[in-house]
Amino acid sequence: MAISLRGDQEISSVPDTKSKALRINLNRDIYGTFAEIGAGQETARNFFRSGAASGTIAKAMSAYDKDFSDAIYGIEEDRRYVSQSRLQKMLRHEIDLIEYRLSREKHPNKLFFSYANTVTTIDFARTFKGHGWVGIRFQLDPLDDYNEIVLHLRFKETDARLQQETLGVLGVNLIYGAFYLNDNPKELVKSFYDNLGSHQIEIDMINFSGPRFMYVDNRLMSLQLLKNGMTNAVMFGPDGNNLLPAQVLYKKNILALRGSFRPVTKVNMDMFENSKKLFLSENKVTKEKTQIIFEITLSNLTAEGKINERDFLDRAELLCSLGQNVMITNFQQYFKLVEYFSEFTKERMALAMGVYNLIQIFDEKYYRDLSGGILEAFGKLFYRNLKVYLYPYHDQEKDEYINSENLKVHPRMKELYKFFKNNGRLIDIKDFDKSNLDIFSRTVLKMITDGEKGWEEMLPEGIAETIKQKRLFGYSKTRDKK
């Protein structure tokens, strides 16, 4: 044993890829199959190379040919091979084969698993770096039902061979984490980058399911991806399951509403309804091809230097109850959000915001890190004919409604502001409910936490009941004043 000296600092040691694979191989009960499509058989190769693989690998295969793949796993409705549905068919088909071919009487203690990936690496023109789906279906007790972890990755490296090797390391991390870190999903997620770097892959979606993860909130796991710097944006739907942004936004018209939604108020929903109406009236925008996103920035979730997970889940609970798709991003500046959307669609885009947010957009201090300053940011923000739907602000002192016509920006920004205003990029929301304009989320939140009466009337229908039933935002029935 190594000597410990006074003054030594405790450091966490990450096992290398070979050590992880070897530990699994040396376990007498872990036994399963590897099905890899699109980037070689790099995960299985790591287990073969580490030694003692005969007790772990029941089968390693790669159905590269599409016809052969269809013959094994069936044909997808959308004819896509790199998809979540294809991955899950692979996982379940391989587990069914193990169960069918191996007698439980002969192998009463075996912990079966199936690992699969279906990916596409960088193309010859190097215009598309590639992406893929990776997953594992596994059991922790021979009598238990199966658990499942599914994730989506985007390659960042520009060499197919390097991408294949990266995928192999990720596969080992996933299998190792599934068996040895399943009691701590947050650490499990973090371990995906063991012996890897953020310059190699981006993981932008993950879902846990099964008895072992019964109490895991996938929205919170999504937040971990952002918190760990594994991606810049994550999305989840009304059911609480994580969604793949690229899949949801692909070739769609996008309307995004940024806010704190702490909690969601009548103002938020009035802005939503009116901006939606304006957006759908735009040329070439149809309801069927439109995706509306409620977006919260990561910085908005940060309190006292760290992310408040309980607060995040409270906001998510309310937005999900309203049937909305929610996106959490690391984009403080709007132009970066628009750039992100542009990776997936060339269709129409719009942002709905209040007056205060628009004033911030025209503040030069937010663009000092750009060589082209505010002009570069605006070029990226508006180059796709993006429109901003502006929700007015009520100046209570002057009893005046501030909109794009009487909004005051810095004198140096006046001409720039006029340019976008005169070219129809700034659209006022005129059909607003004046009775809502004096409602502020921070006021409602304070009333809830202080146990004051009257906050219920400031929220959309059903939201107050949800807050009370689920004890959100620190609500306590005993604090309601009689």
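Data block above holds the structure.
Not measured: the values here are computed from a predicted model.

(A) Summary view of helix α14 (residues 414-422). Within α14, burial applies to Leu416, Tyr417, Phe420 and Lys421. Buried positions in α14, seen along its axis, are confined to an arc of 135 degrees and lie on one side of it. Residues of α14 that are exposed and point over 90 degrees away from its buried face: Glu415 and Asn422. On its buried face, α14 is in contact with α12 (355-361), α13 (373-382) and β18 (426-428).

(B) Here's a closer look at the sheet that holds strand β8 (residues 242-243). Taking strand neighbours across the sheet as the criterion, the eight strands line up as β8-β7-β13-β10-β9-β14-β15-β18 in an open arrangement whose pairing is mixed. Each end of this open sheet is capped by a strand with a single partner; those strands are β8 and β18. Contacting β7 (233-236), β8 and β13 (325-329), helix α7 (residues 218-227) crosses the sheet at an angle of about 175 degrees to β7.

(C) View of the pairing of strand β2 (residues 57-61). Pairing of strand β1 (residues 30-37) with β2, which is carried by four bridges, proceeds in the parallel orientation. Residue pairing across strands places Gly32 opposite Ile57, the latter belonging to β2. Following the backbone out of β1, through helix α2 (residues 42-50) and into the adjacent parallel β2, one traces a crossover that is right-handed.

(D) Structural context of the environment of Leu170. Tracing the backbone shows Leu170 in helix α5 (residues 160-180). Classification of Leu170 by relative accessible area gives buried; the value is 0%. For Leu170 and Asn25, which are 145 residues apart along the polypeptide, the C-alpha to C-alpha distance reads 17 Å. In this structure Leu170 touches Val134, Leu151, Leu153, Phe192, Leu196, Ile201 and Ile203, once residues within four positions along its chain are discounted.

Definitions and limits used
Residues numbered from 1 in each chain as written. Predicted model: local features only at pLDDT ≥ 70, side-chain atom pairs only at ≥ 80, totals over all residues. Heavy atoms only, no water. Buried < 20%, exposed > 50% of the residue type's maximum accessible area, 1.4 Å probe, protein only. Helix = DSSP H or I, 4+ residues; strand = E, 2+ residues; numbered from the N terminus. Arc of directions from axis to C-beta. Contact = heavy atoms within 4.5 Å. Pairing = 2+ DSSP bridges. Axes fitted to C-alpha atoms, helices over the stretch in contact; angles between N-to-C directions. Right-handed = clockwise from strand over helix to strand, strands pointing away.

That's the geometry; what it means functionally is another story.
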